[in-house]
There are 2 protein chains.
Amino acid sequence: MDEVKVIEIKRSVFAENDRDADVLRKELKEKGVYLLNLMSSPGSGKTTTLIRTVNLLKDRFRIAVMEADIDGDVDAVKIREATGIESIQLHTGGMCHLDAGMTRQGLDNLHLEDFDLVVLENVGNLVCPAEFDTGSCRNAIILSVPEGDDKPLKYPLMFSVCDVVVINKTDVMPYFDFDLEKCKEHIRMRNPKAKVIPICARTGEGVEAFADWLAEEITNWKQTR
Amino acid sequence: MDEVKVIEIKRSVFAENDRDADVLRKELKEKGVYLLNLMSSPGSGKTTTLIRTVNLLKDRFRIAVMEADIDGDVDAVKIREATGIESIQLHTGGMCHLDAGMTRQGLDNLHLEDFDLVVLENVGNLVCPAEFDTGSCRNAIILSVPEGDDKPLKYPLMFSVCDVVVINKTDVMPYFDFDLEKCKEHIRMRNPKAKVIPICARTGEGVEAFADWLAEEITNWKQTR
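Model, not experiment: these values are computed from the prediction. (Residues numbered from 1 in each chain as written. Chains lettered and ligands numbered in written order. Predicted model: local features only at pLDDT ≥ 70, side-chain atom pairs only at ≥ 80, totals over all residues. Heavy atoms only, no water.)

Draft legend 1. Representation of the sheet that holds strand β2 (residues 34-40) of chain A within the structure. Residue and element names in this part refer to chain A. Pairing is parallel in the open sheet, where 8 strands are placed in the order β1-β4-β3-β5-β2-β6-β7-β8. Each edge of the open sheet carries a strand with a single partner, namely β1 (6-8) and β8 (195-198). In this sheet, adjacent strand axes meet at a mean angle of 20 degrees when their direction is disregarded. Pairing analysis gives 4 bridges linking strand β7 (residues 164-168) to β8, with the strands arranged parallel. Counted as the bridge partner of V166 is I197 from β8. (Pairing = 2+ DSSP bridges. Helix = DSSP H or I, 4+ residues; strand = E, 2+ residues; numbered from the N terminus. Axes fitted to C-alpha atoms, helices over the stretch in contact; angles between N-to-C directions.)

Given below as structure tokens:
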């Protein structure tokens, strides 16, 4: 297999990210490419969740993944080896988030005509990525059980900009003080509309519900084209 | 008990943070106050580790804690209730890190003459806090087992600016693919001098080694005054 493509992302030249994000969203709509922005803390299980989800959806949709990291390319390689789909690595050069201009730099390295769904795996960080609209159709966030059920209280913006919260690592719930109902309540405080989906990416439990949500989103979005 | 003090931190006015940090470090040295900057991802166990450590050291040193969070005051309250020491909450107003000027704003709310050690619990984030010298004597970082042993590869700057890496939640090691030796190797790649201390803050195992390290640091630092 070829080496994965590694793209060094530069700081955006657009001053107004919100406007730039809207432009990008419109362009993607015209091309029929649904962009999902996946965010979380470091080590919440974004890559493992993505592998499971892609394997459930890859027969229905043509999927590519952009892995954003400060350094390394382990995740892009892992995704490609475990799913066989196109996966590229974006290096942010120390930057803690991706904005729309940076996302576009990544997309420029994909043949967009070949894909229905592109997933952007954002930098592991509960603060900065929430501040920048990437141009995505939807924002998904993964919160893992070991991080604690209080995170929506401490990182309010992240939980208010997300459309779906995936609660990962439910298999280790017995070993942590994590109250799922309390966590749902905290999420609702920040964002009454966010869908909450508990999963265990390691075993695959619950991932189908997330894949179903995403498939329905893409289908509805395509219909309103 | 009184309510904990909550301080709304403003953006720093100093353009040159490195210089400002050096000034602050010198001022603290003159006052005999050792400042520890404690960093980690969200939910790695900073507060629980701090409570254990403070309870081991509070008879030898006069300690205060500054809890930095975007919102909420649960951690400052928790620290005070579990240790009885002075604890204040810093609100960063959405900002993802503290620099030296912001740290100073927090310190201005403490009677520094009354303390030997002030611990700054930084915002939960493996990216941005690493970029800003807070004026601390030492940087400690907590990496918890569920986050994965590959984090030093993905967050290079954080692991290169730290003096000590505390590996927390060792009790759940059997449930995660975490290789302690591999993790130590990754840390050494970034920072050959960093001390690595495995602990379990929940049960208290290993915390004594961290407290001993800190006590020795403070004692040596006081002697070179």
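Draft legend 2. The interface of chain A and chain B, seen in detail. Taken together, the contact between chain A and chain B spans 30 residues of the former and 30 residues of the latter. Across the chain A to chain B interface the summed buried area is about 2400 Å²; carbon plus sulfur atoms make up 59%. The largest share of the area that chain A buries against chain B comes from P42, K154 and Y175 of chain A, three residues that together contribute 24% of it. There are 4 salt bridges connecting chain A and chain B. At the junction of chain A and chain B, the tally comes to 7 residue pairs in polar contact (both at pLDDT 80 or more). (Contact = heavy atoms within 4.5 Å. Buried area = accessible area lost by both parts, 1.4 Å probe. Salt bridge = Lys/Arg side-chain N within 4 Å of Asp/Glu carboxyl O. Polar contact = N/O pair within 3.5 Å; in protein donor to acceptor, adjacent residues only side chain to side chain.)

Draft legend 3. Inspection of the layout of surface pockets at higher detail. Here the largest pocket defines a volume of roughly 820 Å³. Lining the largest pocket are 41 residues, and of these T48 and K78 of chain A together with P146, E147 and G148 of chain B sit closest to its centre. Those elements that place two or more of their residues in the lining of the largest pocket are α2 (46-57), β3 (63-69) and α3 (74-83) of chain A together with α5 (151-154) and α7 (180-190) of chain B. Per-element accounting of the lining of the largest pocket gives the leading share, 4 residues, to α2 of chain A. The residue makeup of the lining of the largest pocket, split by class, is 15 nonpolar, 10 polar and 16 charged. Empty space within the second largest pocket amounts to approximately 710 Å³. Considering the residues around the second largest pocket, the lining is formed by 36 residues, among which E147 of chain A together with G45, T48, K78 and K169 of chain B are closest to the centre. Among the secondary structure elements, those contributing two or more residues to the lining of the second largest pocket are α5 (151-154) of chain A together with α2 (46-57), β3 (63-69) and α3 (74-83) of chain B. Class assignment for the residues of the lining of the second largest pocket results in 13 nonpolar, 9 polar and 14 charged. (1 Å grid on protein atoms, 1.4 Å probe; cavity = no way out; pocket = protein on both sides within 12 Å on 5 of 7 lines; lining within 4 Å. Points joined across faces, edges and corners; volume = space filled by probe spheres on them. Nonpolar A, V, L, I, M, F, W, Y, C, P; charged D, E, K, R; others polar.)

By themselves, these observations are geometric and do not establish any function.
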